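# Structural overview for review
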Amino acid sequence: MELSLEQRYAIKFCVRLGKNATETFQMLQEAFKDDCISRSQSGKWHKAFKEGREEVADEPRSGCPTTARTEENVDRVREVLRTDRRLSFQQIADTLHMSTFAVHGVVTEDLQMRKVCAKLVPKGSTQDQKELRVLRCQELLDLIQNEPDILNSVVTEDEFWMFEYEPELKRQSCEWHTKSYPRPKKARMSKSCIKTMIIVFFDIRGIVHCEFVPQGQTVNSAFYLEVLRRLKRRIARDG
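Just so you know, these numbers come straight off a predicted model, no measurement behind them. (Residues numbered from 1 in each chain as written. Predicted model: local features only at pLDDT ≥ 70, side-chain atom pairs only at ≥ 80, totals over all residues. Heavy atoms only, no water.)

### Some remarks on a nonpolar patch on the surface
- Taken together, Ile144, Leu151, Val154 and Ile204 make up a surface patch of nonpolar side chains, about 330 Å² in accessible area.
- Mapped onto the elements of the fold, leucine 151 is located in the loop between helix 7 (127-146) and strand 1 (156-163).
- You can call leucine 151 partly exposed: its relative accessible area is 44%. (Patch = residues over 30% accessible without salt bridge, like charges linked within 9 Å, V, L, I, M, F, W, Y side chains within 5 Å. Areas by Shrake-Rupley, 256 points an atom, 1.4 Å probe, with all protein chains shown as cover. Salt bridge = Lys/Arg side-chain N within 4 Å of Asp/Glu carboxyl O. Helix = DSSP H or I, 4+ residues; strand = E, 2+ residues; numbered from the N terminus. Buried < 20%, exposed > 50% of the residue type's maximum accessible area, 1.4 Å probe, protein only.)

Below is the structure:
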C-alpha cells in the first residue's frame, strides 16, 4: 500500500509539471519497474489530480472495510493462487472469506497479476508416432550414406495460394524531389478476393513442373493423379 501511495504522489507531481497521462505512466514504469501500477490505475489518478483532487489516499467506502487488503490477506491470496492459478475472484473470496471486491484489488493491484489464456500449440505426437518418425529418419539417413547421390533423383511438392495483385516494392516507389516538394503517397495494397492455388514440383536443381489449379476445381485424389501423370511426362521429356 505504501508503494501505491508513493506512486500516487509521483502522479500528482507529474500533473503539476503538465505531463499528460501517457508521459506520466512511462515515467512511473521507468522509476518503479515491475512494481509499477497498471496503466488504468495511473490514468484514473492522473485524471483525478488534473480535475483538482488533493488527497492521495483512498476515500472511505461503504460495505467491506479497507482493512481487507492487508499484508496478511495479500499473502493469503498469493498462497491460494500458487495452489491453483485458474481460480476465479469469487472462488478465492469464498475460500478466504473475503469480498470479491477486496480480492480483485489484491490480485490486480497488490499482486499485479492478470489472467491469460493458454497458447494454442499443434497437437503433440503419440509415442508410437514419435518412434515411427525416428525409424523413418534413420532409414533415410542409412539410404543417403549408402547412396550419396540419392537426393539427385528426389522430387518433392508444395502448394500455396497466389493472390491477384503484384505489390510495388518500397525501393520501386522512390522518386527524386526537392526538399520543398511533398513526399509522394501510395495506398496500402490489400489482398484480392480472387486467388488461385499453384502446385509446384522441384528437385535439388530447381523447379521441375508447376501448374495452377482451375477455379472451382476440387483438389482430390483423382485430380492429383492427373497432375502426377503430367509430372511423369514432363520428367520423361526433359530426361
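### Concerning the pattern of salt bridges
- Applying the stated criterion across every chain, the model contains nine salt bridges.
- Lysine 47 serves as the salt-bridge partner of glutamate 51, at 2.6 Å between the closest nitrogen and oxygen.
- The residue arginine 136 makes a salt bridge to glutamate 139 at a minimum N-O spacing of 3.4 Å. One end of the pair is arginine 136 and the other is glutamate 139, both in helix 7 and three residues apart, which spans about a single turn.
- The network of salt bridges with common partners includes Lys12, Arg16 and Glu54.

### Some words on the packing of aromatic side chains
- Inspection of the entire model under this criterion finds two aromatic pairs.
- On the basis of an interplanar angle of 35° and a centroid distance of 5.6 Å, the ring pair of tryptophan 45 and phenylalanine 49 is categorised as tilted. Taken together, the positions of tryptophan 45 and phenylalanine 49, both in helix 3 (residues 39-50) and four residues apart, correspond to about one turn of that helix. Across the pair, phenylalanine 49 and tryptophan 45 agree in class, each one buried.
- Ring geometry for phenylalanine 223 versus tyrosine 224: centroids 6.3 Å apart, planes at 75°, classification edge-to-face. (Phe/Tyr/Trp six-rings, centres within 6.5 Å; stacked < 30°, edge-to-face > 60°.)

### Some words on unusual backbone geometry
- In the Ramachandran plot, histidine 97 falls in the positive-phi region, its phi being about 60° despite a non-glycine side chain.
- Among the secondary structure elements, histidine 97 is positioned in the loop between helix 5 (89-96) and helix 6 (100-110).
- Phi at glutamine 112 is positive, roughly 55°, even though this residue is not glycine.
- According to the relative accessible area criterion, glutamine 112 is partly exposed, its value standing at 32%.

### Describing the environment of valine 227
- Looking at where valine 227 falls in the secondary structure, it is placed in helix 8 (residues 221-238).
- Contacts of valine 227, omitting those with residues within four sequence positions, involve Phe201 and Glu211. (Contact = heavy atoms within 4.5 Å.)

### A few points about the pairing of strand 2 (residues 195-203)
- In terms of residue burial, strand 2 counts as a mostly covered element, since seven of its nine residues are buried.
- Relative to strand 3 (residues 206-212), strand 2 runs antiparallel, the two being bridged by six bridges. Paired with aspartate 203 across the strands is glycine 206, a residue of strand 3.
- The turn linking strand 2 back onto strand 3 is made up of two residues. (Pairing = 2+ DSSP bridges.)

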